[in-house]
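Examining the three-dimensional arrangement
So you can see what is in the structure, the chains are spelled out below.
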Amino acid sequence: AIEAASLAEDRGVMLKIEDFLGARPDPEINPLQENLSPLQQALEDLRKMTGLEEETSGGESVKRAGTAVKPAIRKLIKTVQANYDAELRGEKVLQVSLNRLFLGSPGTGKTTVGEVYGRILKELGLLSNGSVVAKKSKEFIVGHEGGTEEATLAILKNAEGKVLVIDEAYGLDGSMYGKIALDIIVSKVMGSPGEDIAVLMLGYEREMLAMIRDGNPGLKRRFQPEDAFYFPDFKDEELNLILKAKLKKDELTMRPEVRSAFIKLLAEERRKPGFGNAGAVDNLLSRATQNMKARDLATRIFEVGDLGSSSREAGAGGDPLEELKSMFKTEKIREVLEQLQATIKYKKSQGKVYEVENFVFVGNPGTGKTVVARLMAKMLGKLGVLEGRTVELTSMAMQGEVVGQSQAIARAKIDEATGAVLFVDEAHKLHTNVFSREGATMLMTATLEDQHKGRTMIILAGYAAPMDAMLDLDPGMKSRFDQRLEFPDWSASDCVEFLNLQCKAEHLVLEAPAAQHILGALEVARLRKGWANARDAAKVFEKLQQALALRASSDAGVDTSTFTLSDAEHAMRNFLKMRPEAAVDATGFPELFGAVGGALATMATTQAAGPPLLCVNSVARVEEVVEQAQAQAQESQGGDDDLFAKLQLACVELGYDADQDSRRRLVAGLEAVVGGGAFPEDIIKHVQGKVGSDSGALNAMLRPQAGSLLANVREAVAVEEARLEEIKRLEREHQLEEAARKQKEHVAMQQKLMQIG
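A brief report on the enclosed structure follows. (Residues numbered from 1 in each chain as written. Predicted model: local features only at pLDDT ≥ 70, side-chain atom pairs only at ≥ 80, totals over all residues. Heavy atoms only, no water.)

1. Considering the overall build of the protein chain
Secondary structure assignment for the protein chain yields 30 helices and 15 strands. Per-residue burial over the protein chain gives 42% buried out of 757 residues. When contacts within the protein chain are restricted to residue pairs at least 6 apart in sequence, those whose partners lie at least 24 apart make up 72%. Accessible surface computed for the protein chain: about 39100 Å², of which carbon and sulfur atoms make up 52%. (Helix = DSSP H or I, 4+ residues; strand = E, 2+ residues; numbered from the N terminus. Buried < 20%, exposed > 50% of the residue type's maximum accessible area, 1.4 Å probe, protein only. Contact = heavy atoms within 4.5 Å. Areas by Shrake-Rupley, 256 points an atom, 1.4 Å probe, with all protein chains shown as cover.)

2. Some thoughts on the environment of Pro-466
Its place among the elements puts Pro-466 in helix H19 (residues 464–473). The class for Pro-466 is partly exposed, based on a relative accessible area of 35%. Between the alpha carbons of Pro-466 and Val-362 there is a distance of 9.5 Å; along the sequence they are 104 residues apart.

3. Digging into the sheet that holds strand E6 (residues 163–167)
What the six strands build is an open sheet, ordered E3-E8-E4-E7-E6-E5; its pairing is parallel. In the strand order of this sheet, the two ends are held by strand E3 (67–68) and strand E5 (132–136), each with one partner. (Pairing = 2+ DSSP bridges.)

4. Things to note about the sheet that holds strand E12 (residues 457–462)
Across the sheet, five strands lie side by side as E10-E11-E12-E9-E13; this open sheet has parallel pairing. For this open sheet the edge positions go to strand E10 (390–394) and strand E13 (483–487), each flanked by a neighbour on one side alone. Direction aside, the axes of adjacent strands within the sheet are offset by 20 degrees on average. Relative to E12, strand E11 (residues 421–425) is paired through four bridges, and the arrangement is parallel. Looking across to E12, one finds that Leu-422 is bridged to Ile-458. Across the face of the sheet, H19 comes into contact with strand E9 (359–363), E12 and E13 while running at roughly 145 degrees to E9. (Axes fitted to C-alpha atoms, helices over the stretch in contact; angles between N-to-C directions.)

5. What to know about the pattern of salt bridges
Pairs can form between side chains of opposite charge once their charged atoms are near each other. The full count for this structure, using the stated rule, is 35 salt bridges. The partner of Arg-119 in a salt bridge is Glu-115, with the nearest N and O atoms 3.6 Å apart. Of this pair, Arg-119 and Glu-115 are both found in helix H5 (residues 110–123), four residues apart, which corresponds to roughly one turn of the helix. Classification of Arg-119 by relative accessible area gives partly exposed; the value is 24%. Glu-139 is the salt-bridge partner of Lys-135, the closest N and O atoms lying 3.7 Å from each other. Overall, the relative accessible area of 23% leaves Lys-135 in the partly exposed class. Within the structure, one salt-bridge network assembled from shared partners comprises Arg-206, Glu-207, Arg-411, Asp-415 and Glu-449. (Salt bridge = Lys/Arg side-chain N within 4 Å of Asp/Glu carboxyl O.)

6. So, the packing of aromatic side chains
This model, assessed by the stated rule, comprises 11 aromatic pairs. Taking the centre distance of 6.4 Å and the plane angle of 65 degrees together, the rings of Phe-102 and Tyr-117 count as edge-to-face. Of this pair, Phe-102 sits in strand E4 (residues 100–104) while Tyr-117 sits in helix H5; the two residues are 15 residues apart in sequence, bridging distant segments of the chain. Accessibility classification places Phe-102 together with Tyr-117 in one group, the buried group. Seen from their ring centres, Phe-102 and Phe-229 are 5.2 Å apart, and the 20 degrees between their planes marks the pair as stacked. Here Phe-102, found in strand E4, pairs with Phe-229, found in strand E8 (residues 229–231); they are 127 residues apart in sequence, far enough to count as distant. Assigned by exposure class, Phe-102 and Phe-229 land together as buried. Each member of the aromatic cluster is reached from another via a ring pair, and the members are Phe-102, Tyr-117, Phe-229 and Phe-231. (Phe/Tyr/Trp six-rings, centres within 6.5 Å; stacked < 30°, edge-to-face > 60°.)

7. Some points on the pairing of E6
With respect to burial, E6 is a largely interior element, four of its five residues being buried. Pairing analysis gives five bridges linking E5 to E6, with the strands arranged parallel. Following the sheet pairing, Val-133 is matched in E6 by Leu-164. Read as a crossover between parallel neighbours, the route from E5 over helix H6 (residues 147–158) to E6 is right-handed. The pairing of E6 with strand E7 (residues 198–203) spans four bridges and is classified as parallel. Within the sheet, the bridge partner assigned to Val-165 lies in E7 and is Leu-200. (Right-handed = clockwise from strand over helix to strand, strands pointing away.)

8. A look at the pairing of E7
Along any regular strand the residues' side chains alternate between the sheet's two faces. Among the six residues of E7, six are classified as buried, and the element is accordingly described as predominantly covered. Neither face of E7 is open: one carries Ala-198, Leu-200 and Leu-202, the other Val-199, Met-201 and Gly-203, and all of them are buried. Taken together, the four bridges between E4 and E7 define a ladder with parallel strand orientation. For Phe-102, the partnering residue across the bridge sits in E7 and is Leu-202.

9. Notes on the environment of Leu-219
Structurally, the position occupied by Leu-219 is in helix H9 (residues 217–222). Considering only alpha carbons, one finds Leu-219 and Val-186, 33 residues apart in sequence, at a separation of 6.2 Å. In contact with Leu-219, not counting residues within four places along its chain, are Leu-182, Val-186, Met-201, Met-211 and Ile-212.

10. Quick word on the packing of helix H4 (residues 69–88) against H5
For the pair H4 and H5, interaxial distance at closest approach is 12 Å and the crossing angle is 10 degrees. In terms of orientation, H4 lies roughly parallel with respect to H5. Contacts between H4 and H5 involve Val-69, Ile-73 and Leu-76 from the first element and Val-113, Tyr-117, Ile-120 and Leu-121 from the second. In terms of residue class, the contact of H4 with H5 is made up of seven nonpolar, no polar and no charged. (Parallel < 35°, antiparallel > 145°, perpendicular 65-115°, else oblique. Nonpolar A, V, L, I, M, F, W, Y, C, P; charged D, E, K, R; others polar.)

Below you can see the structure in the form of structure tokens.
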């Protein structure tokens, strides 16, 4: 431009630099000027848009993948001004990238900003036209050879000089044809100086960043995440501004208390997946308008009832913890939840948003962890913090069979629980193998994501000691799940007290001798494997009812409102059959795989006498286990116990307890059975040779035993691994001691030689 101006001056033509460069971009509005320039008008339209400024939390900026729109536009204009001044001085100008990612949820203004962005680029001289060509990702995809290339090239040609807006752009990453379209965009849109096109890719943050990260490497160079425009969900005060503007435009009236209820409903909706922001305001206002007109065709003033039934529920009274108050042995848990409820109400009274935290529930089976999780969800839903629903799964259900599958399963469940409660039972198993660790990592990632942080509650539930051990292994998880609820075991006395309360509620009587008999029997049952606390107490009540029904069936004069000693004896006899006493071998461990087979017997030997001769102990232990299993099978005389004994015996005789590899093969086979598959063929044939049933019937009869056996074999593997690690440690210590001894001898020899010399 400077050279052209100088050449014109030499020829006697009076031209200024501005004739070539145009006027310096000036966004400032002079109070005296009558009309705004096109650039000033575009910036004024942007200024009037709700939000789009830098987010802050606690006085500090919120870190995002990208930047807020309004500060980014101001920075863009300053860069263009600096380039203008640099060009006047004949200096090198800075490159300006026109292509952008627009990241955010629907209804946050992405398309509108795209239109304003085009006008700004045109007035800054960066585009020749500046109008918008809006396309959905699916418009690029044509499902036949050459169709996608042709469609994509045509769209790019039509967008020359303009802004090409690709909505839901992450959809291009989901198919072969979509990836072809992305490759063409990368090849044709280089982002070079003077390129007369701006491409905007719009969509959800996570999906868009995944596409940039995992797709064509050229995408990241042309659409740099750090230059993205970020569109956060609107806050309550911003939704209120949008609502006021729409009411004013439509000449409608909404009193402050109605507007408050309106915004409260939107705040609840915001925690759900796919919240529409300004679109959600439109939808709710449309429904409310229909209800208002149905109530009174002439009115233009809204009432709370026009907002729908959910608004009345949101404002209704009542204690969300009433159901918990009726539960037995939950006093301390109720205190924690009442404190949580009070905190939420206080924050809301101060106009603040409560961000939910993640919890760890520790306790044994039947102590109420799942029930309390559901009640917490109801409470948070009642308070308008979450949706009020739970998504429940076990850590085992989150495990895949190949690398990456657990991550996908966990992601699907987390997204399903967006804005609600995700309850993961048996979470202490999240670090048992590479697959479960994948799921654990995804859970931790979710706690930091914008759509889940403070918006989705994740509860990890499991046994106290294993859960603590797992959290100690992963400090990151421990810091993200720092809220803890402990669920105490039920004593035998607790169970009897529960039975008396249950009888009172149903207008029944539990006689004192009957209660005393139940107390003694439960003291025994609590020491046996499988004790399930409240579930077992409820099972005893069921057995009592069955016993009374049986007694009444043979005697029409029986008082059916009273449980007698005979009812209690009959009930507890049947109950204890569900909790058989486990046999104990000479080492002090339960028999067969319940004792973790050869592993625990060998461990006992190891602890007493140092590293064992593995081959000798393993063979001796197998022979001992086989003898015990045969004796148990002979004594059982048929039934489930007999069948289970034969199943264990088959596993031992087939060598599944011989070494770690064999145990792991058995684990894999039993996991398949638990998942719905058939028992390994060699086990079925072995058991079939002992009982004579066909394989199909045997599979059906043995399947209920698979879970218990699987747990025992897994424990065997874990204990044997611990024993082998202990052997390695002892060997390392021995090597260090031997090296120290040799070093000491070497030093002594050197000293002796020095004395001789």
